[in-house]
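Here is what each chain is made of, one letter per residue.
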Amino acid sequence: MKFSRLIWANLTRKKVRLLLTLGSFAVALFLFAFLAVVRDAFSRGGGIASANRLVTINRVSIIQSLPLSYRDKIQNIPGVQSVTHDNWFGAVYQDEKNFFPQFVIDPENQRKVYSELVVPDDQWGNFLKDRQGAIAGDSTAKRFGWKIGDRIPLKATAYGGGAWEFNLDGIYHGTRPGDDETQFWFQWDYFEERVPQSFKGQAGWYTVRLNSPDDALRVAKTIDADFANSPYETKTDTESAFAENWVKQFGNIELLILSIGSVVFFTLLLVTGNTMAISVRERTGELAILKAIGFRDGSVLFFVLAEALAIALVGGFVGLGLALLAIPILGQSMSGMLPPLVISKTMLATALGFALLVGMCSGLLPGIGAMRLRVVDALRRI
Amino acid sequence: MVSVNADGNSKALIQVRGLNKTYRRGGEPIQVLQGLNLDVDKGDFVAFMGPSGSGKTTLLNLLGGLDVPTAGAISVAGDEITHMSSGRLTEWRARHVGFVFQMYNLVPVLTASQNVELPLLLTRLSRSERKAHVEAALAIVGLQGRADHFPRQLSGGQEQRVAIARAVVSDPTFLLCDEPTGDLDRKSADEIMALIEELVRQHKKTVLMVTHDPVVAARAHTVLHLEKGVLVEAAKSSPGAAAGGAA
């Protein structure tokens, strides 16, 4: 484009200011990307939850357990394909800060219900044969450098405490972006064998796989109706509703992140808008000359907007590039404290879209001012 | 031939009839130009003189389509410019007017050749054609060797030469020079005036110039005095100018 040299020359005339403005965009976009992936991590449960899965918990609270005897009754409800049950096991590996979620699983049905979490058949076979066997998510295995065959000691903080030892028989992988690969599973029988009597025969929750998502409402109502007025009443939700309720326990993270993000972009708009306004004001005479020699008002507006958009684009790319490099590292360091941080193409496109929008808005007012500039008045001021 | 009569040459390149310009300052009307008439033929070199505030620059701005008159008409090469829309006037300026200002007004972040190329960016010329035109314009002003210099690397006289090259590169119908030597020392001013004379003599350019300097004005074919918004006097200073031009 024949105007590119003029736009480039104007862009780079104040290099320090250009670098600082690019830096503002880069920092804002990096922050936006980080907030977006954190928000996504918290809401992903709802987003990637299977449409044909239900979660049944104790009506009082998820902390309260449910009898194992419910499993067969749930299994027999028409529309239910399979049922599995789990328990939360809050143990510590070496140090309390090494947090990762541990679940006691029902080996018979685990893979039927969570088919997206894949364990190679030979490893699963070894796990089934090993009473102290365990399966770890790929992320957790990498985090602690575990290999198959390793002996994993955990210190239980509930269920009577004490040291528990496991043999790592397999590593699972998620098949979809964002699948949680931080979990640690072990055998129900081993758990039942070790825990005090009061915990035996109790499940933390049931996960129900349906033949069709269309059955969800009916089956959920049936489950809760079947156990109504019993000592262990149930509350059944779709997996996505369950995940959303779980996140709500932490507070309104969505609002918090949206608020911070809005402030970041608004501040960026003020900073870049001010920068563009100063930049245009400094060039009033030059813009007047351009108009005098025949550049149209629209061309002058285009030059200002092109500069603002170029800054937004380059700053945006730098910020998102930094995010692509840093977020996986941050995610690793916060593993266990936060759900996995996943940078999606949609998020990157949205961030870049926001950057361009801010660039456009920041250049618009100074650009319109330049467009409306009266050559005679501007020349008089030179 | 230059005339300041309403019944002047109807075939003149530039025809001004009954030109009025009134500004409002603090609610009070200030009439800068009052019923001004002017005819300028192709190849004329006219200098406008007058005290500060007499309306010289206002007249130049009106002739260059940078401002619109309160009343009256300006016609250039048959184009009546006083009723043109802002967009058409901009296009007209690009085709017909070359501007030279006192402070040169080059874009400081562009080299001399890039500054000269600016008006050509508005044309359909290819890059190589634009380059050829720029080289020719810089050759006319004697700055071929300074094409890649930035304005800050040039002297005032050289900057004004670049500004003149920018003004002539698109071969406009006429040049408007507002105090072209006002910021230069005598030697540089002489060089610039020699260059403008050469543009008139060799390249048949029509030049209208505002100046305070009688020495500079004396080099024009015709000198017109503006006082209180009226062209009250004209003096022929060169044998090259046609007779009977002054009122």
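Residues numbered from 1 in each chain as written. Chains lettered and ligands numbered in written order. Predicted model: local features only at pLDDT ≥ 70, side-chain atom pairs only at ≥ 80, totals over all residues. Heavy atoms only, no water.

Chemist: Which parts of the structure should I look at to understand the overall build of chain A?
Modeler: Per the secondary structure count, chain A includes 14 helices and 13 strands. Relative to a compact globule of 382 residues, whose C-alpha radius of gyration would be 21 Å, chain A shows 29 Å and is clearly more extended. Taken along its principal axes, the extent of the C-alpha atoms in chain A is 95 × 45 × 30 Å. The burial tally for chain A puts 50% of its 382 residues in the buried class. Across chain A, the fraction of contacts at a sequence separation of at least 24, relative to all contacts at a separation of at least 6, is 80%. Of the roughly 18,100 Å² that chain A leaves accessible, carbon and sulfur atoms contribute 61%. (Helix = DSSP H or I, 4+ residues; strand = E, 2+ residues; numbered from the N terminus. Rg over C-alpha atoms; globule rule 2.2 N^0.38 Å. Buried < 20%, exposed > 50% of the residue type's maximum accessible area, 1.4 Å probe, protein only. Contact = heavy atoms within 4.5 Å. Areas by Shrake-Rupley, 256 points an atom, 1.4 Å probe, with all protein chains shown as cover.)

Chemist: Got a minute to help me understand the domain arrangement of chain A in this structure?
Modeler: Many analyses report the size of an interface as the accessible area lost when the parts associate. You can read the domains of chain A as domain 1 (4–45 + 251–381) and domain 2 (60–232). Each of domain 1 of chain A and domain 2 of chain A was reduced to a C-alpha centroid, and the two centroids are 46 Å apart. (Domains from an automatic or database assignment.)

Chemist: Explain the nonpolar core to me, please; I cannot follow it from the model alone.
Modeler: In globular proteins that are soluble, nonpolar side chains generally tend to be buried together. Membership of the largest hydrophobic core comes to 95 residues, with the highest contact counts inside it found for Ile14(B), Leu36(B), Leu38(B), Phe48(B), Leu63(B), Leu118(B) and Leu208(B). When residues of this core are assigned to their parent elements, the largest contribution, 13 residues, is made by helix 2 (residues 15–48) of chain A. The residues contacting Phe48(B), other than those within four sequence positions of it, are Leu38(B), Lys56(B), Leu59(B), Leu60(B), Leu63(B), Leu208(B), Met209(B), Val210(B), Thr211(B), Leu224(B) and Leu231(B). Within the second largest apolar cluster, 40 residues are counted, among which are Tyr70(A), Val80(A), Ala134(A) and Ala220(A). (Core = buried A, V, L, I, M, F, W, Y, C linked by side-chain atoms within 4.5 Å.)

Chemist: Please clarify how the interface of chain B and chain A should be interpreted in this entry.
Modeler: Across the contact, 27 residues belong to chain B and 23 residues belong to chain A. Among the residues chain B hides against chain A, the three largest losses belong to Val109(B), Leu121(B) and Leu122(B). Together they make up 22% of the total. Here Arg5(A) makes a salt bridge to Glu117(B), at a shortest N to O gap of 2.5 Å. Elements with a contribution of two residues or more to the side of chain B that touches chain A: helix 2 (86–96), helix 3 (112–117) and helix 4 (127–140) of chain B. Ranked by residues supplied to the side of chain B that touches chain A, first place goes to helix 2 of chain B with six residues. (Buried area = accessible area lost by both parts, 1.4 Å probe. Salt bridge = Lys/Arg side-chain N within 4 Å of Asp/Glu carboxyl O.)

Chemist: For this particular structure, what's the right way to read the pattern of salt bridges?
Modeler: Any two side chains of opposite charge can pair if their charged atoms end up close together. Residue and element names in this part refer to chain A. Scanning the entire structure with this criterion turns up 29 salt bridges over all chains. A salt bridge links arginine 176 to glutamate 116; the nearest nitrogen and oxygen atoms lie 3.6 Å apart. Of this pair, arginine 176 sits in the loop between strand 9 (162–174) and strand 10 (184–187) while glutamate 116 sits in the loop between helix 4 (110–113) and strand 6 (117–118), and the two are 60 residues apart along the sequence. Taking relative accessible area as the criterion, glutamate 116 reaches 12% and is therefore assigned buried. Between aspartate 377 and arginine 374 there is a salt bridge, and its shortest N-O distance comes to 3.2 Å. For aspartate 377, a relative accessible area of 26% translates into the label partly exposed.

Chemist: I keep staring at the sheet that holds strand 5 (residues 71–76) of chain B and nothing clicks. Help me out?
Modeler: Residue and element names in this part refer to chain B. As summarised here, the arrangement of the five strands in space is 1-3-2-5-6, forming an open sheet in which the pairing is antiparallel. Because the sheet does not close on itself, it has two edges, and the strands there are strand 1 (2–3) and strand 6 (79–80). Alignment of strand 2 (residues 14–25) against strand 3 (residues 28–40), held across nine bridges, turns out to be antiparallel. By the bridge assignment for strand 3, valine 16 is matched with leucine 38. Across the sheet, helix 1 (residues 56–63) lies against strand 2, strand 3 and strand 5, angled at about 120 degrees from strand 2, the strand it touches most. (Pairing = 2+ DSSP bridges. Axes fitted to C-alpha atoms, helices over the stretch in contact; angles between N-to-C directions.)

Chemist: I tried to follow the packing of helix 10 (residues 253–282) of chain A against helix 12 (residues 297–333) of chain A on my own but got confused; where do I start?
Modeler: Helix packing geometry: the angle between the two helix axes and the distance between the axes. Residues and elements named next belong to chain A. Relative orientation of the contacting elements helix 10 and helix 12 amounts to 140 degrees, with a least axis distance of 11 Å. One way to sum up the angle between helix 10 and helix 12 is to call them oblique. Crossing geometry of helix 10 relative to helix 12 is assigned as right-handed. Note on element contacts: helix 12 touches helix 10 through Val304, Glu307, Ala308 and Ile311, opposite Met276, Ser279 and Val280. Classifying every residue of the contact of helix 10 with helix 12 gives five nonpolar, one polar and one charged. (Parallel < 35°, antiparallel > 145°, perpendicular 65-115°, else oblique. Left-handed = near helix turned anticlockwise from the far one by under 90°. Nonpolar A, V, L, I, M, F, W, Y, C, P; charged D, E, K, R; others polar.)

Chemist: Sorry if this is basic, but what is going on with the packing of aromatic side chains here?
Modeler: A ring pair, where both rings are aromatic, is described by two values, the distance of the centres and the angle of the planes. Per the counting criterion, the structure on display carries 37 aromatic pairs over all chains. Here Tyr93(A) and Phe144(A) contribute two aromatic rings whose centre-to-centre distance is 4.9 Å and whose plane-to-plane angle is 65 degrees, an arrangement assigned as edge-to-face. Residue Tyr93(A) is located in the loop between strand 4 (91–92) and strand 5 (102–105), and its partner Phe144(A) is located in helix 6 (residues 138–144); the two are separated by 51 residues in the primary sequence. The class for Tyr93(A) is buried, based on a relative accessible area of 8%. Taking relative accessible area as the criterion, Phe144(A) reaches 19% and is therefore assigned buried. Pairing Phe166(A) with Phe184(A) gives two aromatic rings, centres 5.4 Å apart and planes at 80 degrees, and the pair type is edge-to-face. On the criterion of sequence distance, the pair formed by Phe166(A) in strand 9 and Phe184(A) in strand 10 is long-range, its members being 18 residues apart. Relative accessible area serves as the criterion here: at 0%, Phe166(A) is assigned to the buried category. Its end group placed over the ring of Phe150(B), Arg152(B) keeps NZ or CZ at 5.0 Å from the ring centre. (Phe/Tyr/Trp six-rings, centres within 6.5 Å; stacked < 30°, edge-to-face > 60°. Lys NZ or Arg CZ within 6 Å of the ring centre and 35° of its normal.)

Chemist: What is the right way to read the packing of helix 5 (residues 156–168) of chain B against helix 6 (residues 186–203) of chain B from this model?
Modeler: Residue and element names in this part refer to chain B. Where helix 5 contacts helix 6, the two axes come as close as 10 Å, and the packing angle between them is 20 degrees. Judged on the interaxial angle alone, helix 6 and helix 5 are roughly parallel. In this structure, helix 5 crosses over helix 6, and the sense of that crossing is right-handed. Residues Gly157, Gln160, Arg161, Ile164 and Val168 of helix 5 lie in contact with helix 6, whose contacting residues are Ser188, Glu191, Ile192, Leu195, Ile196 and Leu199. When grouped by side-chain class, the residues that make up the contact of helix 5 with helix 6 number six nonpolar, three polar and two charged.

Chemist: Honestly, the pairing of strand 4 (residues 45–49) of chain B in this entry has me stumped. Any pointers?
Modeler: Looking down a regular strand, the side chains alternate between one sheet face and the other. Residues and elements named next belong to chain B. The element strand 4 is largely enclosed, with a buried count of five among its five residues. Residues Phe45, Ala47 and Met49 of strand 4 are buried on one face, and the alternating residues Val46 and Phe48, pointing to the opposite face, are buried as well. Pairing of strand 4 with strand 10 (residues 222–227), which is carried by four bridges, proceeds in the parallel orientation. Within strand 10, the position partnered with valine 46 by the bridge is threonine 222.

Chemist: Which parts of the structure should I look at to understand the side chain of Ser362(A)?
Modeler: All names here are of chain A. With respect to the helices and strands, serine 362 occurs in helix 13 (residues 345–372). By relative accessible area, serine 362 is classed as buried at 3%. Excluding anything up to four places from it in sequence, serine 362 contacts Leu269, Thr272, Gly273, Met276 and Ala308.

Chemist: Would you mind going over the side chain of Asp224(A) with me for this structure?
Modeler: All names here are of chain A. Tracing the backbone shows aspartate 224 in helix 8 (residues 216–226). Within polar-contact distance, the side chain of aspartate 224 engages the side chain of threonine 234 at 2.7 Å. Contact partners of aspartate 224, with chain neighbours within four places excluded, come to Thr234, Lys235 and Thr236. (Polar contact = N/O pair within 3.5 Å; in protein donor to acceptor, adjacent residues only side chain to side chain.)

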